[in-house]
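Next come the chains, spelled out residue by residue.
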Amino acid sequence: FLKDILKRTEVLNPAALLEMLRKNMKSLFFNADTSISTNGFDMGLVCINTKNNILYFSGALIPLYIIRNGEVLKYNPGRSPIGNYFIEENFFNHEIELQNNDNLYMFSDGFPDQFGGKNNSKYTRRRFLKFLKSISENNMMQQNEILVNEFEEWIGDEEQTDDVTVFGKKWISL
């Protein structure tokens with residue numbers, strides 16, 4: 001649906017794109033015989049104006065984190081998924097001026113919610129953000145390798161409990 005929306009429109013407004021995507025997903029999941037399904041998914045979307053280093057972000061339950069000069073900045077998402085939901089809120093945009101060497105991150109709950117470690121406990125979002133901050137000075141290839149190693153070490157002999165998606169991008173302005 002997103003690919004089709006991007007082909008049909010010149011809109012590069014993440015909140016508007018998420019609204020269009022939600023409309024398409026709702027029509028897919030609506031079943032007149034069984035009422036409305038609450039099927040959907042979480043998503044974060046960014047558009048970057050590379051001429052002026054402005055990032056536009058909107059999220060459906062997925063926040064955007066920027067690690068800048070050792071500080072973690074959080075940009076909150078909307079509180080509704082893409083698809084049908086009991087309470088739907090409009091998506092909104094954040095406009096962020098990027099700085100050289102900003103590290104941008106979005107991730108699913110798979111890594112923070114993974115059980116493992118000495119006490120077979122969750123990794124936690126707080127620990128995960130602290131870990132991202134500790135590796136943010138590395139290039140993205142190195143960060144990927146370090147993330148994979150950390151996950152494998154954490155999970156140990158436990159089973160993976162959910163999908164794990166981590167998006168990272170280091171912003172280098174020209």
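Remember, predicted model here, so these are calculated numbers, not experimental data.

Visitor: Break down the pairing of strand β10 (residues 102-107) for me, citing the residues and quoting the values.
Guide: Within β10, six of the six residues are buried, which leaves it mostly tucked inside the rest of the structure. Residues Asp102, Leu104 and Met106 line one face of β10 and the alternating positions Asn103, Tyr105 and Phe107 line the opposite face, and both faces are buried. As defined by bridge partners, strand β6 (residues 64-68) adjoins β10 across three bridges and the pair is classed as antiparallel. By the bridge assignment for β10, Ile67 is matched with Asn103. For β10 and strand β13 (residues 166-171), the ladder comprises six bridges, and the chain directions are antiparallel. The residue of β13 that forms the bridge with Leu104 is Lys169.

Visitor: Provide a residue-level description of the nonpolar core, including the pertinent values.
Guide: Within the largest apolar cluster, 15 residues are counted, with the highest numbers of intra-cluster contacts made by Phe107, Phe111, Tyr123, Phe128, Leu132 and Leu147. Looking at this core, the element that brings in the most residues is helix α3 (residues 125-135), giving five residues. Setting aside residues no more than four positions away along its own chain, Leu147 makes contact with Phe111, Phe128, Phe131, Leu132, Ile135 and Val166.

Visitor: Any chance you could break down the sheet that holds strand β4 (residues 43-49) for me, citing the residues and the numbers?
Guide: Across a sheet, paired strands are connected by hydrogen bonds in the backbone, their directions being either parallel or antiparallel. Taken together, three strands build an open sheet; the order of strands is β4-β5-β9 and the sheet is antiparallel. Edge positions in the sheet fall to β4 and β9 (94-97), since each of these pairs with one other strand and no more. On average, adjacent strands in this sheet sit at an angle of 25 degrees to one another, irrespective of strand direction. Bridge count between β4 and strand β5 (residues 54-60): seven bridges; the pairing is antiparallel. Of the residues in β5, the one forming a bridge with Gly44 is Gly59.

Visitor: Quick rundown of unusual backbone geometry? Include the residues and the values.
Guide: At Asn53, a residue that is not glycine, the phi angle is positive and equals roughly 60 degrees. Its identity is not glycine, yet Asn101 carries a phi of approximately 70 degrees, on the positive side. Position of Asn101 among the secondary structure elements: in the loop between β9 and β10.

Visitor: Describe the sheet that holds β13, and please don't skip the residues or the numbers.
Guide: The antiparallel open sheet is built from four strands, whose spatial order is β7-β6-β10-β13. One side of each edge strand has no neighbouring strand; the edge strands of this open sheet are β7 (71-75) and β13. Geometrically, the sheet is characterised by an average inter-axis angle of 20 degrees between neighbouring strands, direction not taken into account. Strands β6, β7, β10 and β13 of the sheet are contacted by α3, whose axis makes an angle of about 150 degrees with β10. Relative to the sheet, helix α4 (residues 140-155) contacts β10 and β13, its axis offset from that of β13 by approximately 155 degrees.

Visitor: Account for the packing of aromatic side chains, with residues named and values stated.
Guide: A complete count under the given rule lists seven aromatic pairs for this structure. Between Phe111 and Tyr123 the ring centres are 4.9 Å apart and the planes differ by 75 degrees, which places this aromatic pair in the edge-to-face class. Here Tyr123 lies in the loop between β12 (121-122) and α3 and Phe111 lies in the loop between β10 and β11 (115-116), a separation of 12 residues in the sequence. Since its relative accessible area comes to 3%, Phe111 is described here as buried.

Visitor: Give me a negative patch on the surface: which residues, what numbers.
Guide: On the surface, Asp42, Asp109, Asp162 and Asp163 cluster together into a patch of negative charge. Relative to the assigned elements, Asp109 resides in the loop between β10 and β11.

How each quantity is defined
- Residues numbered from 1 in each chain as written.
- Predicted model: local features only at pLDDT ≥ 70, side-chain atom pairs only at ≥ 80, totals over all residues.
- Heavy atoms only, no water.
- Buried < 20%, exposed > 50% of the residue type's maximum accessible area, 1.4 Å probe, protein only.
- Helix = DSSP H or I, 4+ residues; strand = E, 2+ residues; numbered from the N terminus.
- Pairing = 2+ DSSP bridges.
- Core = buried A, V, L, I, M, F, W, Y, C linked by side-chain atoms within 4.5 Å.
- Contact = heavy atoms within 4.5 Å.
- Axes fitted to C-alpha atoms, helices over the stretch in contact; angles between N-to-C directions.
- Phe/Tyr/Trp six-rings, centres within 6.5 Å; stacked < 30°, edge-to-face > 60°.
- Patch = residues over 30% accessible without salt bridge, like charges linked within 9 Å, V, L, I, M, F, W, Y side chains within 5 Å.
- Areas by Shrake-Rupley, 256 points an atom, 1.4 Å probe, with all protein chains shown as cover.
- Salt bridge = Lys/Arg side-chain N within 4 Å of Asp/Glu carboxyl O.
- Lys, Arg positive; Asp, Glu negative; His and termini not counted.
- Charge placed at Lys NZ, Arg CZ, Asp CG, Glu CD.

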